[in-house]
Amino acid sequence: MPSSVDEVDRIPLSARPEWSDVRPVPQDDGPNPVAPIAYRDDFRETMDYFRAVYLADERSRRAVDLTTEAIGMNPGNYTVWHFRRVVLESLNADLHEERDFLDRMTMRNAKNYQIWHHRRWLAEKLGPEVANKELEFTKSILDLDAKNYHAWSHRQWVLQSLGGWENELDYCCMLLEDDIFNNSAWNQRYFVITRSPLLGGLQAMRDSEVGYTTEAILANPPNESPWRYLRGLYKGNASQLISDNRVSELCLKVLKTSNSCRFALGLLLDLLCYGFQPSEELRAVVEALRNSEQDTVSSNLAATVCLILEITDPMRSNYWAWRRNNLPSQVR
Amino acid sequence: MRNDKNGGYGGGPGQMPHLATTYAAVNTLITLGSEMSLSSIHRENMLKFLLQMKDSSGAFRMHNGGEIDVRACYTAISVASILNVLDDELVTDLGNYILSCQTYEGGIAGEPGSEAHGGYTFCGLATMILINEVDKLDLPSLVDWVASRQGVECGFQGRVNKLVDGCYSFWQGGVLALAQRLLPIVHKQLESSFISGVQASAECKKSCNFTAGETGQDENLCRAGTSHPDNEGEKLSDFGFSSIGRQTECGPLFHSIALQQYILLCSQVLEGGFRDKPGKQRDFYHSCYCLSGLSVSQYSWSKDDGEPPLTSAVLGPYTNLLEPVHPLYNVVLHKYYKSHEFFSTL
């Protein structure tokens, strides 16, 4: 694990004149430690000195530098990060320098909660002037891992707290062009269309989004992301979901061309459970998918859909069976 | 013995208290289960610490000045509940925060707006059950999302279009185990979401009463804020105990044998321990959650808590059978019962 100072070149703190006044504080493991950790010498020493400044609440430049070393050895030490924030605030330190340090730390530890939280604290202090830089930075992390959960959360926080919405929908489009299966990008898209102050909100965006999503589904029916996104466009509005022809038309189209696509059938099932009245054509297409060897016949289309899914999506056969046994009474 | 001068436990001596380590410490002490370990917990200080972690949004911070998310909510409430110090102040606005974390996909995110994720979905659902506000969630869509997370590899994935990982055996499998005990409520929500008398129309662009709120509960679903009427007058903490209840007549909502196959054949390391997937290193986190997921799976056909399963429910020799775990807290069930008895008189 890389540390901030090369192990061989590191001068022990006990040999550094600027630390000669400090008595290091060993970790108090108690009288009979059951499984004491075998710390490396340099780690132990760094933490012994950290404990000294922490207990003395020394808010100095050298304390900050010491936290840099401690963090380098264990970036997950939340107590050290917290103390670093306390000292930086007391010293009224230059936070732009802090940001440069943090950029380097984050690149090496992109999935660390403490680092991203520190970043949020920092960005909040620096304010809207860093909005674009923060968006650029998260983009650089997402370039390496397009689904990094922390990066996405941070990006959303930046947009909501500091702004920068102008290019976000385009950014989503770009990511989806790269990888139409990127569910994080679909989630971000939803975030943008529902919350961007520059767009009209879900109602206003729904039409164009239905078009975009339909295209994505038809290009790749086994891709779960756009199916869930499509449902999401009608969240809180099931009546519109079942009355918008485009949705049922889509199910029909997909069922005619692919082999019992589980997402098309699942969506159709949900439509029926909300009260959708299927066309004869849709009924016929579904009937054709039924395994003719099954002797369970049902005039109830929803039950038929469940039966098909129980066979064609065996991983979820118990789930589909439960759905079949729990159809709303008006659907049975 | 770990550090709890301030209430709460840190990662080690001299560290600030943190909710993740507090959760782990309390569950460990309960698992040890002796008079000494249970009585070593200073409950009043613990409650003080938890209240200090409470945020005005209704959620909790992981530590002083730390991050706020659904994990913090779960760890705080799990500890409060199991130690019998769950109080009204801890619960204020919490249900609404978690509800705001349920996404359009059906699963729950770490923070409002983020992506639906298995770990946070477990945390969110378990918390809502513990505080008796589970019917605020859109349970049918939550169950549908989680059931869809079992992949062709037989294990569970954490998010749509991502790889499976052994630890989700518990996070996602556990959600379905909890859901199995809530099926009457899920059914009720499904029933009431049926809309009668709507005609399909090519020109129908005008919506009915669309609510622009983030929670977006359909007008026909259970009203947000209704608490489960049967539990009026019961002490808040008791809900965790009573809710484990009986599973309904139907079996698991996931493929139990397939999950066990993934855990035993892909996650298991023959030298001992469990891992994310072949090619990854074993670690204690994966060992814990693969085992808990395996237990949940083995008991997923049992009608009563901890009831020994039929041999057909257990993959491999019957000696593979593990102890049952409490699906809300993830501690071994008989250890939970012992600690419940101990703390309920305090």
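For clarity, every value in this text was computed on a predicted model and none was experimentally measured.

What counts and how
- Residues numbered from 1 in each chain as written.
- Chains lettered and ligands numbered in written order.
- Predicted model: local features only at pLDDT ≥ 70, side-chain atom pairs only at ≥ 80, totals over all residues.
- Heavy atoms only, no water.
- Helix = DSSP H or I, 4+ residues; strand = E, 2+ residues; numbered from the N terminus.
- Rg over C-alpha atoms; globule rule 2.2 N^0.38 Å.
- Contact = heavy atoms within 4.5 Å.
- Areas by Shrake-Rupley, 256 points an atom, 1.4 Å probe, with all protein chains shown as cover.
- Lys, Arg positive; Asp, Glu negative; His and termini not counted.
- Charge placed at Lys NZ, Arg CZ, Asp CG, Glu CD.
- Buried < 20%, exposed > 50% of the residue type's maximum accessible area, 1.4 Å probe, protein only.
- pLDDT = per-residue confidence, 0-100.
- Buried area = accessible area lost by both parts, 1.4 Å probe.
- Salt bridge = Lys/Arg side-chain N within 4 Å of Asp/Glu carboxyl O.
- Axes fitted to C-alpha atoms, helices over the stretch in contact; angles between N-to-C directions.
- Parallel < 35°, antiparallel > 145°, perpendicular 65-115°, else oblique.
- Nonpolar A, V, L, I, M, F, W, Y, C, P; charged D, E, K, R; others polar.
- Expected span 1.5 Å × (residues − 1).
- Polar contact = N/O pair within 3.5 Å; in protein donor to acceptor, adjacent residues only side chain to side chain.
- Left-handed = near helix turned anticlockwise from the far one by under 90°.

Visitor: What exactly am I supposed to notice about the overall build of chain A here?
Guide: The helix and strand inventory of chain A stands at 17 helices and 0 strands. Scaling as 2.2 N^0.38, a compact globule of 332 residues should have a C-alpha radius of gyration of about 20 Å, whereas chain A reaches 28 Å, well beyond that. If you line up chain A on its principal axes, its C-alpha atoms span 90 × 50 × 35 Å. Contacts in chain A between residues at least 24 apart in sequence constitute 62% of all its contacts with a sequence separation of at least 6. Here chain A has roughly 14,800 Å² of accessible surface; of this, 50% comes from carbon and sulfur atoms. Put simply, chain A has 38 plus and 47 minus side-chain charges, and the middle of one group is 5 Å from the middle of the other.

Visitor: Teacher, can you tell me more about the overall build of chain B here?
Guide: The number of helices and strands found in chain B is 14 helices and 0 strands. For chain B, the sequential pattern of α-helices and β-strands runs α-α-α-α-α-α-α-α-α-α-α-α-α-α. Across the 346 residues that make up chain B, the buried fraction comes to 60%. The contacts in chain B between residues at least 6 apart in sequence include a share of 68% that link residues at least 24 apart. When the accessible surface of chain B is totalled, it reaches about 13,400 Å², and 56% of it is carbon and sulfur.

Visitor: How should the confidence of the model for chain B be read in this particular structure?
Guide: Parts of the prediction with low pLDDT should not have their coordinates interpreted in detail. Here chain B averages 88 in pLDDT, and 83% of its residues register 70 or above. Across residues 200-237 of chain B, where pLDDT falls below 50, the model places 78 contacts with residues more than four positions away in sequence or in other chains.

Visitor: Quick question: what am I supposed to make of the interface of chain B and chain A here?
Guide: A common way to express how large an interface is: the accessible area buried when the components associate. Listed as interface residues are 75 residues of chain B and, on the opposing side, 61 residues of chain A. Counting the surface lost from both chain B and chain A, the interface buries some 6,000 Å², and carbon and sulfur atoms represent 51% of this. In this assembly, chain B and chain A are joined by 4 salt bridges. Its salt-bridge partner being Arg120 of chain A, residue Glu111 of chain B comes within 2.9 Å of it at the nearest N-O pair. Taken together, the elements giving at least two residues each to the side of chain B that touches chain A come down to helix 8 (139-147) and helix 10 (183-192) of chain B. The element that contributes the greatest number of residues to the side of chain B that touches chain A is helix 10 of chain B, accounting for 5 residues.

Visitor: What am I meant to see in the packing of helix 7 (residues 149-162) of chain A against helix 8 (residues 168-178) of chain A here?
Guide: Any two packed helices are characterised by the angle at which their axes cross and by the distance between the axes. All names here are of chain A. One way to put it is that helix 7 packs onto helix 8 with a least axis distance of 13 Å and a crossing angle of 160°. When the axes of helix 7 and helix 8 are compared, the pair comes out roughly antiparallel. For the pair formed by helix 7 and helix 8, the contact residues are Trp152, Arg155 and Leu159 on the first element and Glu168, Tyr171 and Leu175 on the second. Looking at the contact of helix 7 with helix 8 residue by residue, the class counts come to 4 nonpolar, no polar and 2 charged.

Visitor: Hey, could you run me through helix 5 (residues 113-126) of chain A in this one?
Guide: Given 3.6 residues per turn, any residue in an α-helix points the same way as the ones three and four places further on. Residue and element names in this part refer to chain A. If you check helix 5, its first and last C-alpha atoms are 20 Å apart, about what 14 residues at 1.5 Å a residue would give, namely 20 Å. Among the 14 residues that make up helix 5, 11 are buried, leaving the element largely enclosed by the rest of the structure. Regarding helix 5, the residues found buried are Gln114, Ile115, Trp116, His117, His118, Arg119, Arg120, Trp121, Leu122, Ala123 and Leu126. Of the surrounding elements, those touching the buried residues of helix 5 are helix 3 (78-91), helix 4 (95-108), helix 6 (131-144) and helix 7. One side-chain oxygen of the residue at the start of helix 5 lies 2.7 Å from the amide nitrogen of Gln114, identifying that residue as Asn112.

Visitor: I keep staring at the packing of helix 2 (residues 61-73) of chain A against helix 3 of chain A and nothing clicks. Help me out?
Guide: All names here are of chain A. Contact pair helix 2 / helix 3: the axes reach a minimum separation of 10 Å and the direction vectors enclose 155°. One way to sum up the angle between helix 2 and helix 3 is to call them roughly antiparallel. Between helix 2 and helix 3 the crossing geometry is left-handed. The segment helix 2 lies against helix 3, with Arg61, Ala63, Val64, Thr67, Thr68, Ala70 and Ile71 engaging Val80, Trp81, Phe83, Arg84, Val87, Leu88 and Leu91. Among the residues forming the contact of helix 2 with helix 3, the class breakdown is 10 nonpolar, 2 polar and 2 charged.

Visitor: Help me understand unusual backbone geometry, please; the structure alone is not making it clear to me.
Guide: With the exception of glycine, the majority of residues adopt a negative phi angle, and the majority of peptide bonds are in the trans configuration. We note that Asp57 of chain A has phi near 50°; this positive angle belongs to a residue other than glycine. In this fold, Asp57 of chain A is placed in the loop between helix 1 (41-56) and helix 2. By relative accessible area, which is 38% here, Asp57 of chain A ends up partly exposed. In this structure, Asn132 of chain B takes a positive phi of about 65° despite not being glycine. As for its position among the elements, Asn132 of chain B is in the loop between helix 7 (118-130) and helix 8.

Visitor: What is the right way to look at helix 2 of chain A in this model?
Guide: Residues and elements named next belong to chain A. For helix 2, with 13 residues, the first-to-last C-alpha span of 19 Å sits near the 18 Å given by 1.5 Å per residue. Of all 13 residues in helix 2, 10 are buried; the element is thus mostly enclosed. The complete set of buried residues in helix 2 reads Ala63, Val64, Leu66, Thr67, Thr68, Glu69, Ala70, Ile71, Gly72 and Met73. Summarising the contacts, the buried residues of helix 2 are in contact with helix 1, helix 3 and helix 4.

Visitor: Any chance you could explain the pattern of salt bridges here in plain terms?
Guide: Side chains that carry opposite charge are capable of pairing whenever their charged atoms lie near each other. Scanning all chains against the criterion turns up 39 salt bridges over all chains. A salt bridge links Asp103 of chain A to Arg99 of chain A; its shortest N-O distance comes to 3.9 Å. Of the two residues, Asp103 of chain A and Arg99 of chain A both sit in helix 4, 4 residues apart, roughly one turn of that helix. For Asp103 of chain A, a relative accessible area of 18% puts it in the buried group. Judged by relative accessible area, which is 6%, Arg99 of chain A ranks as buried. Its salt-bridge partner being Asp144 of chain B, residue Arg323 of chain A comes within 3.8 Å of it at the nearest N-O pair. Linking Arg323 of chain A in helix 17 (residues 317-325) with Asp144 of chain B in helix 8, this pair reaches from one chain into another. With respect to burial, Arg323 of chain A and Asp144 of chain B carry one shared label: buried. Taken together, the shared-partner salt bridges in this structure form one network comprising Glu224, Arg228, Arg231, Asp270 and Arg323 of chain A together with Asp144 and Arg149 of chain B.

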